[in-house]
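Residue-level listing of the chains:
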2 protein chains.
Amino acid sequence: MTSKENPNNCKALHSDTESATLSHVRVVLVHTSHPGNIGAAARAMWTMGLSQLVLVSPSRFPAPEARAMASGADEVLDRARRVTTLAEALTGCVWAAGFSARPRAFAGRVLTARQMAGEAVQQLAAVSPSSKNIALVFGTEMSGLSNAELAQCTVAATIPANPRYSSLNLAAAVQVAAYELRVAVGAGAVWQAPRFAGATVDEIERLYAHAEATLIACGFLNPERPKRLLPRLRRLFARAGLEREEVNILRGILAEIDALLETTKSGDRKEINSGK
Amino acid sequence: MTSKENPNNCKALHSDTESATLSHVRVVLVHTSHPGNIGAAARAMWTMGLSQLVLVSPSRFPAPEARAMASGADEVLDRARRVTTLAEALTGCVWAAGFSARPRAFAGRVLTARQMAGEAVQQLAAVSPSSKNIALVFGTEMSGLSNAELAQCTVAATIPANPRYSSLNLAAAVQVAAYELRVAVGAGAVWQAPRFAGATVDEIERLYAHAEATLIACGFLNPERPKRLLPRLRRLFARAGLEREEVNILRGILAEIDALLETTKSGDRKEINSGK
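Residues numbered from 1 in each chain as written. Chains lettered and ligands numbered in written order. Predicted model: local features only at pLDDT ≥ 70, side-chain atom pairs only at ≥ 80, totals over all residues. Heavy atoms only, no water.

Let us look at the packing of aromatic side chains. All names here are of chain A. This structure, assessed with the given rule, holds two aromatic pairs over all chains. Plain terms: the ring middles of phenylalanine 99 and phenylalanine 138 are 4.6 Å apart, the flat faces sit at 15 degrees to each other, and that makes the pair stacked. Placement of phenylalanine 99 in strand β4 (residues 93-99) and of phenylalanine 138 in strand β6 (residues 133-138) is noted, with a sequence separation of 39 residues between them. You'll find phenylalanine 99 and phenylalanine 138 in the same group, each marked buried. (Phe/Tyr/Trp six-rings, centres within 6.5 Å; stacked < 30°, edge-to-face > 60°. Helix = DSSP H or I, 4+ residues; strand = E, 2+ residues; numbered from the N terminus. Buried < 20%, exposed > 50% of the residue type's maximum accessible area, 1.4 Å probe, protein only.)

As structure tokens, this is what we get:
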């Protein structure tokens, strides 16, 4: 079903200004060696709602390995543009973040991936109504961006990593950058499990009164020396946040104990009555 | 060079309480189908400083594809444990986050990856001195965790994603989760480019005075109608934050203009003197 057939449904699915905003983000992969990495990067992009892929002189593209690794993100590959220079890839971009794991000389600011995302959001607020773009730029698998390539970017960005092994896979770096961007533009909503009606304060207080009475009756709680038993139970259930149905279950268990106590007592009485 | 040969150097490299903290994080992969994904997940873990990998009944492991995809993270694979049930994998864990992209019934709380990381840090503060652990749990490539598996986890965690295509690759999900954890434990420091000495306020004021004189002399600035030229130049250079060396370069250019003006004037004088 296309968006034209059911605009309402489509709106519910990617409901938003957010996806319109993310459409202004261009991911630029420079001199990528392995087409499989291009496909994996396309998949990483599309999971976060990015769809503009520009390839600067890739070793081999299109390629079946790219297709295979893209999994369901074929449309990103279908729309990918191939250019010959980074300058061409950045035409029409007002801001570009060049990713580098490797310390080096760079004239501009060096941002963490999270700072990059914060700044990108500010830039996107300015470019969104126009046809301008911002770009996230990634170098080759083996050596990243050259100094000359990084110098063409507005800022350098870097993903915090293990100093003993900072070598993120190309698609993994694209995934983290795109994820940070998605969260930063406010599209970080996630699924929630269904919740049931909470119990009211008075229902909960009746539960505690019932519990106290039953625990005394069965001998577990000594009213002369109650210690911290009831406060501990209150603490436990307060932390859980009781639902109405759960109060009913707990009172059902208490009622069961009450019934057992009644049976035992009447058994005692019978025993007494029968003169045993 | 091993850490025993040069403990100081090693300390500088992974300097920290942070890596000690991260050693208490167990990544559990349940019923993974493709050994290549185990290798890619190991690489993702190790880039973020996680090294404890537990595999619940993987289809095939060890396997050459795992080795190939792990790239430099072999030590994570070498130390990986293989168990038969999730319960076994979670033994000794005080807290476990089960990852699920798919909405479903779950009794506990559902957290974003970032909230998960925040809560994990609190849990790590408690377990770090002990031999206890916390766990990040990931299901199969095709269908994720089952409801019964997720129910064994303390919280559900989910990575915000494109509602039209939320299918992160297994290793990509491990990468994002491990990245959030690394940033949350405070190991998010990154490289910075070398910076040069900043110019002093008086050096900068002398630059502006020089610029004003030269721009008047060459006729670009009319002192009768200065408009906003000097304030605009101040704004530009203030934003850049001038370094001493840059002030010297700019004053060198101004001096060059001064010299040119001098030559032109003496040329004029010569022309006047020669009676032309």
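Still more to cover.
Bringing the sheet that holds strand β7 (residues 155-158) of chain B into the picture now. Residues and elements named next belong to chain B. In spatial order, the strands read β3-β2-β1-β6-β4-β7-β5; together these seven strands make up an open sheet with parallel pairing. Two strands close off the open sheet at either side, each with one partner strand: β3 (81-83) and β5 (110-112). Shown here is a sheet whose adjacent strand axes are inclined to one another by a mean of 30 degrees, direction ignored. Pairing of strand β1 (residues 25-30) with strand β2 (residues 52-56), which is carried by five bridges, proceeds in the parallel orientation. When the sheet's bridge partners are listed, leucine 29 is paired in β2 with leucine 55. Along the sheet, helix α3 (residues 35-47) makes contact with β1 and β2, crossing β2 at roughly 155 degrees. Contacting β1, β4 (93-99) and β6 (133-138), helix α9 (residues 170-184) runs over the sheet at an angle of about 150 degrees to β6. (Pairing = 2+ DSSP bridges. Axes fitted to C-alpha atoms, helices over the stretch in contact; angles between N-to-C directions. Contact = heavy atoms within 4.5 Å.)

All right, on to the interface of chain B and chain A then. Listed per partner, the contact involves 54 residues of chain B and 54 residues of chain A. Surface buried jointly by chain B and chain A totals about 4,500 Å² across both partners, of which 61% is contributed by carbon and sulfur atoms. If you sort the residues of chain B by the area they bury against chain A, B:Tyr165, B:Tyr179 and B:Trp191 come out on top, with a joint share of 19%. For the interface between chain B and chain A, the tally reads four salt bridges. Of all the secondary-structure elements, those providing two or more residues to the side of chain B that touches chain A are α3, β5, α7 (113-127), β7 and α9 of chain B. Among the elements that make up the side of chain B that touches chain A, the one with the highest residue count is α9(B) (seven residues). Class assignment of the residues belonging to the side of chain B that touches chain A gives a composition of 29 nonpolar, 15 polar and ten charged. (Buried area = accessible area lost by both parts, 1.4 Å probe. Salt bridge = Lys/Arg side-chain N within 4 Å of Asp/Glu carboxyl O. Nonpolar A, V, L, I, M, F, W, Y, C, P; charged D, E, K, R; others polar.)

Let us look at helix α11 (residues 229-240) of chain A. Each α-helix winds once per 3.6 residues, and so residues spaced three or four apart point in a common direction. With twelve residues, α11(A) should cover 16 Å at 1.5 Å per step; its first-to-last C-alpha distance of 17 Å lies within 8% of that length. Following α11(A) by one or two positions, A:Gly241 has its phi on the positive side, about 70 degrees. (Expected span 1.5 Å × (residues − 1).)

Next up on the list: unusual backbone geometry. Residue and element names in this part refer to chain A. Following phenylalanine 61, the chain continues into proline 62 via a peptide bond in cis, with omega recorded as 0 degrees. On the secondary structure map, proline 62 appears in the loop between β2 (52-56) and α4 (64-70). One non-glycine residue, lysine 227, adopts positive backbone phi at about 50 degrees.

Right, let's talk about the nonpolar core for a bit. Judged by nonpolar contacts, the single largest core of 102 residues is most densely connected at A:Leu53, A:Met116, B:Leu53 and B:Met116. Contacts of A:Met116, omitting those with residues within four sequence positions, involve A:Trp95, A:Ala97, A:Phe99, A:Leu111, A:Leu136, A:Ala157 and A:Ala177. (Core = buried A, V, L, I, M, F, W, Y, C linked by side-chain atoms within 4.5 Å.)

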